[in-house]
Amino acid sequence: MEISTEVTTNIQMVDLQGQYKKIKKEVDAAILKVIENASFINGPEVKLFQQDLEKYLEVKHVIPCANGTDALQIALMALDLKPGDEVIAPAFTYVATAEVVELLKLKLVYVDVDPKTFNISTKAILKAITPKTKAIIPVHLYGQCADMETIMEIARENNLFVIEDAAQAIGSTYTFTDGKQCKAGTIGDIGCTSFFPSKNLGCFGDGGAMYTNNDQLALKLRLISNHGQSKKYCFDSIGVNSRMDTIQAAVLKIKLKHLEEYNTSRNEVAAYYDKAFAKHSNLITPLRNTKSTHVFHQYTLITKGLDRNGLMQHLQKRNIPSMIYYPTPMHLQKGYAHLGYKEGDFPHAEDLCTRVVSLPIHTEMDQLQLEYITQEVLNYCKN
Ligand SMILES: *Cc1c(COP(=O)(O)O)cnc(C)c1O
């Protein structure tokens with residue numbers, strides 16, 4: 001098959017321009033309206049988006065904030081933990097999950113992940129619990145929920161809080177054994193998400209939100225995200241300045257209507273990759289957890305007996321981007337050396353860092369691009 005230059009020059013990890021073009025008129029009008037009203041902070045769109053998201057997620061409270069990292073920090077602040085209290089998080093994740101624990105002088109306790117699902121290992125959580133453990137932060141990595149049923153059982157038995165990092169999994173649905181279904185982020189005490197532009201629901205800058213079904217926690221989260229201010233110039237607690245810009249809320253309100261369709265497109269891309277790589281001995285396709293739907297924030301292969309860098313260079317020469325999420329596990333990062341972890345502590349996380357590779361996946365991919373990418377991956381594997 002002939003490949004047009006269009007295909008080979010135009011592949012991106014994520015195509016935000018193509019996505020914008022389709023909703024440009026509506027989005028431009030909404031942004032203009034915010035500018036004309038000059039209600040840049042806490043304008044009416046923030047509340048409207050909040051309500052739409054509450055409805056979509058079937059959660060009692062959504063508290064918008066400035067970004068996903070703030071969401072995690074504010075969530076931890078709302079739990080009234082004391083310095084030295086232990087918080088368990090996976091070693092294979094983005095830095096935001098861990099950073100906020102350290103900022104608040106809590107004790108970060110890393111645990112290993114499941115080598116097949118990439119998500120936090122529940123066996124490892126059980127081993128890491130001490131009398132000082134107060135919270136667990138499972139991350140729904142790449143768009144698929146961690147084993148929330150087991151995590152919630154562990155939390156109940158040990159009296160722990162659960163903060164879900166759902167930044168990569170907005171729209172993913174988890175089904176419990178009894179048939180109950182919940183959206184990612186609405187299962188634990190607090191769920192946190194990010195609307196960073198490349199996330200499945202992305203705005204045009206930074207944005208984030210917290211979710212909870214607990215009225216008391218919702219009040220606290222709202223208070224903390226606005227300087228701890230209960231009434232004008234009454235500061236009831238230490239807070240932060242973390243509000244969602246009205247312009248971002250206006251964009252998100254429109255994009256939320258398309259989220260299901262965006263996630264379906266991503267699943268179609270993933271299904272195409274799955275099929276193309278299914279029988280290849282050098283490539284392990286992402287395992288589908290039967291309890292959770294997948295929203296494929298990333299499509300991540302595990303390479304086996306294959307020179308990963310060689311593959312990535314081969315693709316790059318043919319204008320196909322690929323990425324490693326993540327090249328180094330959190331416990332071996334320089335900034336976290338004081339925690340005293342060493343190589344070998346979390347073998348699955350360490351091994352995945354040397355073998356994973358993520359391929360382009362977004363809402364605007366076409367058949368030609370998919371044929372070209374899969375063919376080139378397979379061509380390299382043949383060598
Ligand atoms: C993106 C991301 C965050 C942080 O979100 P920001 O909005 O960039 O602060 C946190 N956790 C995970 C797993 C993420 O992917």
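Every value quoted in this text rests on a predicted model; they were computed, and no experiment measured them.

1. Observations concerning helix α4 (residues 68-78)
Phase 1: By the criterion of burial, α4 is predominantly enclosed, with ten of the eleven residues buried.
Phase 2: Those residues of α4 lying buried are G68, D70, A71, L72, Q73, I74, A75, L76, M77 and A78.
Phase 3: Downstream of α4 by one or two residues, D80 has phi in the positive range, about 55 degrees.

2. Description of the nonpolar core
Phase 1: Grouped together as the largest cluster of nonpolar side chains are 75 residues, with contacts concentrated most on L76, F92, M210, Y273, F277, Y299 and V377.
Phase 2: In this view, F277 contacts L283, T285, Y299, L301, L359, T374, V377 and L378; residues no more than four positions away in its chain are not counted.
Phase 3: Judged by nonpolar contacts, the second largest core, of 24 residues, contains I120, M148, A169 and F176.

3. Re unusual backbone geometry
Phase 1: Residue Y326 is bonded to the preceding Y325 through a cis peptide linkage, with omega at 10 degrees.
Phase 2: As for its placement among the helices and strands, Y326 is situated in the loop between α11 (308-317) and α12 (347-355).
Phase 3: Its identity is not glycine, yet A38 carries a phi of approximately 55 degrees, on the positive side.
Phase 4: Here A38 lies in the loop between α2 (16-37) and α3 (44-57).
Phase 5: Owing to a relative accessible area of 47%, A38 belongs among the partly exposed residues under this scheme.
Phase 6: Phi is positive for N159, which is not a glycine, with a value near 55 degrees.
Phase 7: Relative to the elements of secondary structure, N159 occurs in the loop between α7 (148-158) and β5 (161-165).

Procedures and definitions
The written sequence of each chain sets the order in which its residues are numbered from 1. Totals for whole chains, interfaces and linings use all residues, but because this is a predicted model, local features are given only for residues with pLDDT of at least 70 and pairs of side-chain atoms are given and counted only at 80 or more. Based on all heavy atoms of the structure, the side-chain values leave hydrogens and waters out of the count. A 1.4 Å probe rolled over the protein chains alone gives each residue an accessible area, and that area as a share of the maximum for its type sets the label: buried under 20%, exposed over 50%, partly exposed in between. Only DSSP runs of H or I reaching four residues or more are called helices, and only runs of E reaching two or more are called strands; each is numbered from the N terminus. In this text, buried Ala, Val, Leu, Ile, Met, Phe, Trp, Tyr and Cys residues form a nonpolar core when linked through side-chain atoms within 4.5 Å. Contact between two residues is taken to exist if any of their heavy atoms lie within 4.5 Å; hydrogens are not considered.

Worth remembering: the numbers are spatial, not functional.
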